[in-house]
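Observations on chain architecture
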Amino acid sequence: MQGWCTLWLAFGWCGLVTLVAGQERSFYANLITFTIHNSEQNVTTSVVSEFKDFGALGCNPSDPFAVIVHGWKESCQTEWLLDMVSNLSLVRGGCVYCMDYNNFSRHDDYFGMVRQFLPIGMVLVEKLHQLEDFGYDFDRGHMFGFSFGARLSLESLRKFGPGKMGSLDVCEPAGPGFDGDPVHLEKDPQEAAKTVQCIHTSDNYGTSQRNCHQNWNLGRCGRWQDAAGPYPKGSHGLCPYMYNSAFRHDFLAMPNRYNCPTIRLAPSWPKGFRMGYFMDRKSDVNGDLFAATSREYPYFDNTFANEVNEV
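Residues numbered from 1 in each chain as written. Predicted model: local features only at pLDDT ≥ 70, side-chain atom pairs only at ≥ 80, totals over all residues. Heavy atoms only, no water.

1. A look at the pattern of salt bridges
- Overall, the coordinates contain 12 salt bridges when judged by the stated rule.
- A salt bridge links Glu155 to Arg158, with the shortest nitrogen-to-oxygen separation between them at 3.0 Å. Here Glu155 and its partner Arg158 are both found in helix α6 (residues 148-160), three residues apart, which amounts to about one turn of the helix.
- Accessibility expressed as a relative area gives 6% for Glu155, which makes it buried.
- Here Asp226 makes a salt bridge to Arg220, at a shortest N to O gap of 3.1 Å.
- Look at Asp226 and you get partly exposed, because its relative accessible area is 26%.
- Each member of the salt-bridge network shares a partner with another, and the members are Glu155, Arg158, Lys159 and Lys187. (Salt bridge = Lys/Arg side-chain N within 4 Å of Asp/Glu carboxyl O. Helix = DSSP H or I, 4+ residues; strand = E, 2+ residues; numbered from the N terminus. Buried < 20%, exposed > 50% of the residue type's maximum accessible area, 1.4 Å probe, protein only.)

2. Side note on the side chain of Asn256
- Secondary-structure assignment places Asn256 in the loop between α8 (239-245) and β9 (287-291).
- Note on Asn256: relative accessible area 18%, which makes it buried.
- In terms of polar contacts, Asn256 uses its side chain to reach the backbone amide nitrogen of Cys260, at 2.8 Å.
- Excluding residues within four positions of it along the chain, Asn256 makes contact with Thr262 and Phe290. (Polar contact = N/O pair within 3.5 Å; in protein donor to acceptor, adjacent residues only side chain to side chain. Contact = heavy atoms within 4.5 Å.)

3. Observations concerning the sheet that holds strand β1 (residues 33-38)
- Taken in spatial order, the nine strands line up as β2-β1-β4-β3-β5-β6-β7-β8-β9 in an open sheet, and their pairing is mixed. The open sheet terminates on both sides in strands that have one partner only, identified here as β2 (43-48) and β9. Across this sheet, the average inter-strand angle for adjacent strands is 20°, counted without regard to direction.
- Direction of pairing for β1 relative to strand β4 (residues 95-100): antiparallel, over a ladder of six bridges. Bridge assignment links Thr33 to a residue of β4, and that residue is Asp100.
- Strands in contact with helix α2 (residues 79-92) are β1, β3 (65-69), β4 and β5 (141-146); relative to β3, the strand with the most contacts, it is inclined by about 170°. (Pairing = 2+ DSSP bridges. Axes fitted to C-alpha atoms, helices over the stretch in contact; angles between N-to-C directions.)

4. A word on the side chain of His37
- Mapped onto the secondary structure, His37 falls in strand β1.
- Only 2.6 Å separates the side chain of His37 from the side chain of Thr44, close enough to count as a polar contact.
- Residue contacts for His37: discarding those within four places in its chain leaves Asn42, Val43, Thr44, Val85, Ser89, Gly94, Cys95 and Val96.

5. What about helix α5 (residues 117-134)?
- With 18 residues, α5 should cover 26 Å at 1.5 Å per step; its first-to-last C-alpha distance of 26 Å lies within 8% of that length.
- Taken from the residues just after α5, Gly135 is the one with a positive phi, measuring 110°. (Expected span 1.5 Å × (residues − 1).)

6. Some points on unusual backbone geometry
- Along the chain, Tyr231 connects to Pro232 via a cis peptide bond; the corresponding omega equals 10°.
- Relative to the elements of secondary structure, Pro232 occurs in the loop between β8 (214-218) and α8.
- Here the amide bond leading from Tyr297 into Pro298 is cis, since omega sits at 10°, within 30 degrees of zero.
- Of note, Pro298 is situated in the segment after β9.
- Positive phi is not limited to glycine here, since Glu172 has a value of about 50°.
- Tracing the backbone shows Glu172 in the loop between β6 (165-171) and α7 (182-185).

Have a look at this one:
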């Protein structure tokens, strides 16, 4: 009799845990939306997270696709993000998907959002599975994430399938709430995609870790920018603006002229090697890289780029 009670209790608790987990997933899924931009039709549609009839919006599984994940206090209507949708549409075509978790990111309590990191991220993992079921070739997929969105991108791609995504570029992965957590420190960002490019511009809100395939340190050692101004364009917030600028301007690799601390300095790079979407992902350049920035838009400064360490 006691054995049956134990078994009943075990199944009872199991069912309860499953129910609670399902309710939590629904809670986050209901509050997160996705904005889908069709590059060919130049049409943008906002859909619920469970929407997966991408063909009805003119998306084609044989096309390349891209995913963008914004940061804290942002949404899919943030200035840099709208510019990035335009840039990616121009150079890639296909559909661009933006995860909009503004119902959580708009609040002032940043660490409250950090505590919800895992369930927010699981909504993105589910979307990646939907895109896979639609028939996309993930070798032709690209993802970009900024700050908290960079962390979501790294985590979701690892859970979805290490190395499945063709390329991942992240700007300023958030440091607060993550750098001091052993669980996150143990995770290898290079597992998130075939090539993972990390871009650093600040030493206050961005991570201190430099462990991606390419670690770009912009401006003053990736710690601060001469162009930094009031929020949202401080040294941290300038990162996606500089990434967008790199669609039209070359942020060329240069020697470590400021003697920045580094434990994995890229020993050499080919002439013309540059930060951003157009970085040569087929090269064997890995490690810490440096590029100068300027005080004004478009932010690039190639004064020292002729000091090239060629392969």
